[in-house]
Amino acid sequence: MKIEEIIKTNINLEDSKKIILNIIYTQNVINDKFNEVIKPHDLSSEQYNVLRILRGQKGCPANMCIIQERMLSKNSNTTRLIDKLLLKGLVTREVCPENRRKIEVLITEKGLELLTILDPKIIEHEDLFASNLSSKEKEQLNTLLEKYRTLK
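It should be emphasised that the depicted structure is a prediction, and the values quoted were computed from it without experimental measurement.

Trainee: Quick rundown of the pairing of strand 3 (residues 103–107)? Include the residues and the values.
Mentor: Across two bridges, strand 1 (residues 62–63) lies against strand 3 in antiparallel orientation. Its bridge partner lying in strand 3, Asn63 is registered against Glu104. Pairing geometry for strand 2 (residues 91–95) and strand 3, over five bridges, is antiparallel. Looking at strand 3, one finds that Val95 is bridged to Ile103.

Here it is in structure tokens:
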């Protein structure tokens, strides 16, 4: 469906405006479906992102700076996210023995188990959106999106 039909306009939109509207609308559709997958597990998308980052550390702790720089949403309040994950028993947080100003965060076994449960559901979610694109189109879309967000 064309973006003009979705927003119910008869105005001839400039291509640059249509791109922005399409990206925002598509992001919302993807996020809504993604939230349907993780909501039953009492997670937000930002909390899920933190767990994925910590799993990627392969047993090594991550400090708040590492987590923040790897977050998809750079505006996330990392401390608040860690606090919520801590209350759920999905992460641990300790003061670094070498530098007491540094906080180290590790994913717990419970956190790893939750990701193991979610992994196939997330893959299914990703595959759902990519299913009507060929391999070549997926490659093109990635290239175009990377090019589009690179500002001069």
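Here the narrative resumes.
Trainee: So what about the layout of surface pockets? Which residues, and what values?
Mentor: When its volume is computed, the largest pocket comes out at roughly 1900 Å³. Elements with a minimum of two residues in the lining of the largest pocket: helix 2 (15–38), helix 3 (45–56), helix 6 (109–130) and helix 7 (135–149). Residue contributions to the lining of the largest pocket peak at 10 residues, all from helix 7. Tallied by class, the residues present in the lining of the largest pocket amount to 16 nonpolar, 11 polar and seven charged.

Trainee: Which residues make up helix 2, and what are the values?
Mentor: Taking 1.5 Å per residue as the helical rise, helix 2 with its 24 residues ought to reach 34 Å, and the 34 Å between its terminal C-alpha atoms agrees with that figure. Phe34, Val37 and Ile38 are the residues of helix 2 that are buried. Check the buried side of helix 2 and you find it contacts helix 3 and helix 6.

Trainee: Which residues make up the nonpolar core, and what values go with them?
Mentor: Residues Leu43, Val50, Leu51, Leu54, Ile67 and Leu118 are the most contacted members of the largest nonpolar core, which totals 24 residues. For this core, the elements supplying multiple residues, two or more each, are helix 2, helix 3, helix 4 (64–70), helix 5 (78–87), strand 3 and helix 6. Examining the composition of this core, we find that five residues originate from one element, helix 3, more than from any other. Excluding residues within four positions of it along the chain, Ile67 makes contact with Val50, Ile53, Leu54, Ala62, Thr78, Ile82 and Val105.

About the cut-offs
Residues numbered from 1 in each chain as written. Predicted model: local features only at pLDDT ≥ 70, side-chain atom pairs only at ≥ 80, totals over all residues. Heavy atoms only, no water. Pairing = 2+ DSSP bridges. Helix = DSSP H or I, 4+ residues; strand = E, 2+ residues; numbered from the N terminus. 1 Å grid on protein atoms, 1.4 Å probe; cavity = no way out; pocket = protein on both sides within 12 Å on 5 of 7 lines; lining within 4 Å. Points joined across faces, edges and corners; volume = space filled by probe spheres on them. Nonpolar A, V, L, I, M, F, W, Y, C, P; charged D, E, K, R; others polar. Expected span 1.5 Å × (residues − 1). Buried < 20%, exposed > 50% of the residue type's maximum accessible area, 1.4 Å probe, protein only. Contact = heavy atoms within 4.5 Å. Core = buried A, V, L, I, M, F, W, Y, C linked by side-chain atoms within 4.5 Å.

All we've got here are geometric facts, nothing functional implied.
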